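Architecture and fold: a report
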Amino acid sequence: MTTFARSRITAVLGPTNTGKTYLAIERMLGHASGMIGFPLRLLARENYDRVVKIKGKGQVALVTGEEKIAPPGARYFLCTVESMPVGRAVEFLAIDEIQLCADPERGHVFTDRLLHARGTQETMFMGADTLRGVLRRLVPEAETIARPRFSTLAHSGERKLSRLPPRSAVVAFSAAEVYETAETMRRQRGGAAIVMGALSPRTRRAQVGMFEAGEVDYLVATDAIGMGLNLNLEHVAFAKLSKFDGRNPRALTAPEIAQIAGRAGRHMTDGSFGTTNGAGPLDPDTVAAVEAHRFAAHDNIYWRARDLDLASPAALLKSLERPPPSPILRRAVQGDDLRALNALAGDEEIRALARHRGAVALLWDVCQIPDFQKILSDRHSRLLGLIYRHLMAGEGRLPSDWVARQIGRIARCDGDIDALVARIAQVRTWTYISHRPGWLNDPRHWQERTRDIEDNLSDALHRGLTARFVDRRAAVLVRSLRAGDRMLTGIDADGAVTVEGEFVGRLHGFRFQADEAGSGRDARALLTAARHALLGEIPRRLSALEQAPAGDFALLPDGRLTWRGEAVGALAAGDTALTPAAEPLSSEFLDSRARERLRLCLTAWCRRHLRARLTPLYRIGEAADQDGFSGPARGLLYQLSENLGLVPRGRAEAQIEALGKTERKHLAALGVRLGRTCVYMPALRRGERPALRGLLWSLHRQSAAPEAPAHDSNTCLAPPGVDRSFYLAIGCCSLPGLAIRAEALERLAQDVFRLGKGGPFKASARLLGHVDGDAARLKTALDALGHSLQRDAEGFQVSRRRRSARKARTRPLRDAASSPFDILRSLMPGE
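Residues numbered from 1 in each chain as written. Predicted model: local features only at pLDDT ≥ 70, side-chain atom pairs only at ≥ 80, totals over all residues. Heavy atoms only, no water.

All right, on to the overall build of the chain then. The secondary structure content of the chain amounts to 29 helices and 32 strands. Per-residue burial over the chain gives 50% buried out of 831 residues. Sequence separation of 24 or more characterises 67% of the internal contacts of the chain that already satisfy a separation of 6 or more. As displayed, the chain has an accessible area near 38,000 Å², and 50% of this comes from carbon and sulfur atoms. (Helix = DSSP H or I, 4+ residues; strand = E, 2+ residues; numbered from the N terminus. Buried < 20%, exposed > 50% of the residue type's maximum accessible area, 1.4 Å probe, protein only. Contact = heavy atoms within 4.5 Å. Areas by Shrake-Rupley, 256 points an atom, 1.4 Å probe, with all protein chains shown as cover.)

See the structure below:
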């Protein structure tokens, strides 16, 4: 029995299945207080539940980036390594999987804990023996204890998927490979549970629970099973021996293979590992190393400076790039947080806000927000930039209505597996934000809201995975598949998919629609074979789309995006009405990286397409940012841009009165007309532009568009309760119960003003023509125009007096009883 009385720091090293975590919890509970840092949120939660059963909820805390349960009297803290409250004094402190100090992405965090995190009475580091030499040099006072594996791990060679024993896990390294393998297991073995790093902890627990309960005998997983999941596995089979590490494809290392293979055989039960027949054999030296648990020691570990210079973003970046103080320590590679800081520090507006230490510290805190989607695009840094700007404005909190809109967009449980996985990643980001102190009004509300959304999405994902990859009734295999033969598949030019000469469905864009006539086990086998063919066709189609000319794409009136006549995406709400997002339609054959490539391509085409169709709108938005305009002129241009080209004159009167002659000419050159009733852009009336503006309004407001005037009409009814901003967006002025095109209302106002100067006049065919010949609509328009014409008439009278002052001549209105309002009222039917 090991005694800990002589040493405050202990390193417990050994392979998987050695009881290291169990020992750490046992030691912690022997102290009055303690803390353990785990590499995964799932592990922290699992061990939190275990300690709660022993000590009760009131004494145990859970601290992760996305979840915090901290009772006032908590004495034992189960945390993720990044979220450990290391400033809190506890008697016992432990770090699990300490060999992750050598991980390029997260290693610097583990190294920081290795060097600086200590318990007041006892500190323990648990992990692989490969870190023994580094530990001896960096923490020479630590006592090292070797833990042997409880069971043996033996190599069993290559096997077909159909020959794998029950209680096996098949390991692949991409979502597409996991799905393809799981489909095969569904046909041949009735189904498989799925474990991937992209799954939420709740979904992962549900899938593992199905496997542990014996509902399925097989597991298909990524390398996410290699850390912390204690499964009743007897065999691990590698479907591939290489992986994409975030930068390049590379072969698996022997320690990585051992970490994953070590999940086979728990406690005293022996386990085995090998490959599937498609992966090829393992190298004999690798097999020997895994079976003997002997691997090359780490020479160095990753480190990043902890003493940061917060004088400015540039100073912060420089301090983060400070070289390590020891040759054993290796400077960390650029992680997500540092990439985000580099991106935001390059923004002039962000640099202007980050002028003092507190602002720079907040900027670095914002950069710590994890990118759970891991799609390597600039979307995450743009979100961080918006968050920082909000936090630096006003009360220093995120606006509740803005947060509600962001979260509301992902609070949906429809869509395929990839769509649900993507939404879970997004809501996890907002869960993390909701736990940042001082960032939100009513943080408890948002924590509960995001947790509910993640739970609902997780449950929907579990149902989707189970429905797709588990078929308990499947018992009979098709002969050709049972023999491992490939079926003859083909895809015609029109997207028809055939298997062994039989039509099984059609490929529309990137979505496969199965033939409804197919049924039964044979049909399922044919469809699976068709999916094999499509796994190669989809990358070819995506490459062709990326190189396609602009004429191959189209934007439909309902917002769908087509390529070669097939729908491949749709517009969605963006940051502004003029910058909508382009989102690919859901497809089981597009993984997250392929979806991102498609999204970027569609977004680029949409931006070019919208700019070409709505050039005047984009020109005024750019002009507003130039130095040639005064504040009032810029304000007017910003209003026009936000309202998609039309502003009621009453809203812009102050800016218009402040305009000089030169600015009026510049506005006219941009196509802006200062009318009697509104400020508008006649060029936006032509062709498809009104309908396109209406679509952009509908997308941005996430609301259905009301009725608009027909193409050959000037007016339409506007029912009460309709959002009147829609009519501005399509170039119409909104009157009580009536929408009228701006050009028609301006012509009507001009004619009425001209006629009104001569006294009472009759409604003519010309006036009625402006309102589609409808006398009731003319009455509505004239009622609304009466007030604006009163100002225009007075202005005209003053102007005439000024011009004629030298001749002592004026031309007043005929009399008080004949004011413009009275003249217009005299036109009303029946009066």
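This next bit is on the packing of helix H21 (residues 631-642) against helix H22 (residues 649-657). Between H21 and H22, the least distance of the axes is 8 Å, while the angle of their chain directions is 150 degrees. Looking at the two axes, H21 sits roughly antiparallel to H22. Between H21 and H22 lies a crossing whose hand is left-handed. Taking contact as the criterion, the partners of Pro-632, Gly-635, Leu-636 and Gln-639 in H21 are, on H22, Arg-651, Ala-652, Gln-655 and Ile-656. (Axes fitted to C-alpha atoms, helices over the stretch in contact; angles between N-to-C directions. Parallel < 35°, antiparallel > 145°, perpendicular 65-115°, else oblique. Left-handed = near helix turned anticlockwise from the far one by under 90°.)

Attention now goes to the sheet that holds strand E25 (residues 566-572). Taken together, four strands build an open sheet; the order of strands is E23-E24-E25-E26 and the sheet is antiparallel. Each edge of the sheet is formed by a strand with only one pairing partner; in this case those strands are strand E23 (553-555) and strand E26 (581-584). Geometrically, the sheet is characterised by an average inter-axis angle of 30 degrees between neighbouring strands, direction not taken into account. Where E25 and E26 come together, four bridges link them in antiparallel fashion. By the bridge assignment, Gly-569 is partnered in E26 with Pro-584. Together, E23, strand E24 (560-563), E25 and E26 form the strand contacts of helix H19 (residues 592-613), whose direction differs from that of E26 by roughly 140 degrees. (Pairing = 2+ DSSP bridges.)

Moving on, we get to helix H13 (residues 379-391). With 13 residues, H13 extends 19 Å from end C-alpha to end C-alpha; this agrees with the ideal 18 Å at 1.5 Å per step. For H13, every residue scored as buried is listed here: His-380, Ser-381, Leu-383, Leu-384, Gly-385, Ile-387, Tyr-388 and Leu-391. On its buried side, H13 packs onto helix H10 (336-345), helix H11 (348-353), helix H12 (357-367), helix H14 (400-408) and helix H15 (417-434). (Expected span 1.5 Å × (residues − 1).)

Here we come to the pairing of E25. Of the strand pairs in this sheet, E24 and E25 are connected by four bridges, and their pairing is antiparallel. Looking at the pairing, Leu-561 lines up with Gly-569 of E25. Counting the residues between successive antiparallel strands, the hairpin from E24 to E25 contains two residues, one of them, Arg-564, with a positive phi of roughly 55 degrees.

What follows covers the nonpolar core. If you look at the biggest cluster of nonpolar residues, it comprises 63 residues, and the most contacted ones within it are Leu-637 and Val-672. If one sorts the elements of this core by residue count, H19 sits on top with seven residues. Sequence-distant contacts of Leu-637, that is, excluding residues within four places in its chain, are made with Ile-620, Ala-623, Ala-624, Phe-629, Leu-667, Leu-670 and Val-672. Counting 62 residues, the second largest nonpolar core, distinct from the first, contains Ala-172, Val-360, Val-366 and Leu-398. (Core = buried A, V, L, I, M, F, W, Y, C linked by side-chain atoms within 4.5 Å.)

One can find Arg-136 in helix H4 (residues 132-138). Distance from Arg-136 to Ala-11, taken between C-alpha atoms, is 9.7 Å for residues 125 residues apart in sequence.

Here we take up the environment of Gly-635. As for its position among the elements, Gly-635 is in helix H21. With a relative accessible area of 22%, Gly-635 lands in the partly exposed category.

Okay, the environment of Leu-534 next. The topology assignment puts Leu-534 in helix H18 (residues 520-546). For the pair Leu-534 and Phe-510, spaced 24 residues apart in sequence, the C-alpha to C-alpha distance is 9.2 Å. Excluding residues that lie within four positions of it along the chain, Leu-534 makes contacts with Ile-491, Val-497, Leu-507, Phe-512, Pro-539 and Phe-589.

The next subject is the side chain of Thr-677. Looking at the element boundaries, Thr-677 is found in the loop between strand E28 (673-674) and strand E29 (678-680). Polar contacts involving the side chain of Thr-677 include one to the side chain of Glu-746, which spans 2.5 Å. (Polar contact = N/O pair within 3.5 Å; in protein donor to acceptor, adjacent residues only side chain to side chain.)

What the three strands build is an open sheet, ordered E30-E32-E31; its pairing is antiparallel. Across the chains shown, the open sheet's two edge strands, defined by having one partner strand only, are strand E30 (715-717) and strand E31 (732-735). Going across the sheet, the axis of each strand differs from the next one's by a mean of 20 degrees, ignoring polarity. Bridging between E31 and strand E32 (residues 738-741) involves four bridges; their strand directions are antiparallel. By the bridge assignment for E32, Leu-735 is matched with Leu-738.

Right, let's talk about the packing of H15 against helix H16 (residues 443-469) for a bit. Angle between the axes and distance between the axes are the two parameters that describe a pair of packed helices. For the pair H15 and H16, interaxial distance at closest approach is 9 Å and the crossing angle is 160 degrees. Overall, the two elements H15 and H16 adopt an arrangement that is roughly antiparallel. For H15 against H16, the interelement crossing comes out left-handed.

Another aspect to go through is the packing of aromatic side chains. Applying the stated rule across the entire model yields six aromatic pairs. The interplanar angle of 25 degrees and the centroid separation of 5.6 Å between the aromatic rings of Tyr-179 and Phe-469 together place this pair among those described as stacked. Of this pair, Tyr-179 sits in helix H5 (residues 175-189) while Phe-469 sits in helix H16, and the two are 290 residues apart along the sequence. Lying over the aromatic face of Phe-211, Arg-167 brings its terminal NZ or CZ to 3.8 Å of the ring centre. Here the basic side chain of Arg-468 rests over the ring of Tyr-179, its NZ or CZ set 4.9 Å away from the ring centre. (Phe/Tyr/Trp six-rings, centres within 6.5 Å; stacked < 30°, edge-to-face > 60°. Lys NZ or Arg CZ within 6 Å of the ring centre and 35° of its normal.)

Mean pLDDT over the chain: 84, with 87% of residues reaching 70 or higher. The secondary structure element of the chain with the lowest average pLDDT is helix H29 (residues 820-825), at 37, and the one with the highest is strand E6 (residues 92-95), at 97. This model gives residues 1-6 a pLDDT under 50, and the stretch forms eight contacts once residues within four places in sequence are excluded. Throughout residues 787-831 the model reports pLDDT below 50, and contacts reaching past four residues in sequence, or to other chains, amount to 54 contacts. (pLDDT = per-residue confidence, 0-100.)

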